[in-house]
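Single-letter residue listing:
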Amino acid sequence: QVQLMDSGGGLVQPGGSLRLSCVASGSGFSINDMGWYRQAPGKERELVATITSGSDTNYSDSVKGRFTMSRNNAKNTAYLQMNSLKPEDTAVYYCYANSVLTATWRRLKVWGPGTLVTVSS
């Protein structure tokens, strides 16, 4: 009933910017918190940013001041604006949503398939 699709990754030069999008589709659900993880080769999965239903955000120290997460509840979409990108930001980025199915109150964490961000000259 709930599906997530993340997109917007690509190849950018150091110092460049990208905006990732994460759109939720389906029916019979509501979304509470959303967020972005990333995973680079040889590294553990890292929580990058979170946002509440009221648009309260938190960021990892590694991206604070450079990345901004936002959401448009009317469009069931979350965004990650990434500025001043560094080579160490290279990773597959995954969005997630903590959702509740309205008919059963069942909680479900839903993941997008991931989008690759490569920062290189």
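One can find the structure itself at the top, above this paragraph.
The following refers to the structure shown.

Rules used in this analysis
- Residues numbered from 1 in each chain as written.
- Predicted model: local features only at pLDDT ≥ 70, side-chain atom pairs only at ≥ 80, totals over all residues.
- Heavy atoms only, no water.
- Disulfide = S-S within 2.5 Å.
- Helix = DSSP H or I, 4+ residues; strand = E, 2+ residues; numbered from the N terminus.
- Buried < 20%, exposed > 50% of the residue type's maximum accessible area, 1.4 Å probe, protein only.
- Pairing = 2+ DSSP bridges.
- Axes fitted to C-alpha atoms, helices over the stretch in contact; angles between N-to-C directions.
- Phe/Tyr/Trp six-rings, centres within 6.5 Å; stacked < 30°, edge-to-face > 60°.
- Lys NZ or Arg CZ within 6 Å of the ring centre and 35° of its normal.

So, on to the state of the cysteines. By the definition in use, this model includes one disulfide. Across the disulfide from Cys-22 sits Cys-95; the S-S distance is 2.2 Å. Here the disulfide of Cys-22 and Cys-95 is right-handed, its torsion about the S-S bond being about 70 degrees. Of this pair, Cys-22 sits in strand E3 (residues 18-26) while Cys-95 is found in strand E9 (residues 91-101), placing the two residues 73 residues apart along the sequence. Residue Cys-95 is classed as buried on the basis of its relative accessible area of 0%.

Right, let's get into the sheet that holds strand E8 (residues 77-82). Ordered in space as E1-E3-E8-E7, the four strands form an open sheet in which the pairing is antiparallel. The open sheet has two edge strands with one neighbour each: strand E1 (2-7) and strand E7 (67-72). On average, each strand axis in the sheet is tilted by 15 degrees relative to the strand beside it, whichever way the strands run. The sheet contact formed by E1 and E3 spans six bridges and is antiparallel. Looking across to E3, one finds that Val-2 is bridged to Gly-26.

Residue Ser-84 is not a glycine yet carries a positive backbone phi of 50 degrees. Summarising the element assignment, Ser-84 is placed in the loop between E8 and E9. On the accessibility criterion, Ser-84 (41% relative accessible area) is partly exposed. For Trp-105, which is not a glycine, the phi torsion comes out positive at approximately 65 degrees.

Pairs of aromatic rings are described using the distance from one ring centre to the other and the angle between the two planes. For the coordinates displayed, the defined rule picks out three aromatic pairs. With centroids separated by 5.4 Å and ring planes inclined at 45 degrees, the aromatic side chains of Tyr-37 and Trp-111 adopt a geometry described as tilted. Taken together, the residues span a long stretch of sequence, with Tyr-37 in strand E4 (residues 29-39) and Trp-111 in strand E10 (residues 107-111) at a distance of 74 residues. Trp-111 gets classed as partly exposed once you look at its relative accessible area, which sits at 32%. An angle of 50 degrees between the planes, with centres 5.6 Å apart, marks the rings of Tyr-96 and Trp-111 as tilted. Placement of the pair is Tyr-96 in strand E9 and Trp-111 in strand E10, with a sequence separation of 15 residues. Chaining the aromatic ring pairs together yields one cluster made of Tyr-37, Tyr-96 and Trp-111. Lying over the aromatic face of Tyr-37, Arg-45 brings its terminal NZ or CZ to 4.4 Å of the ring centre.

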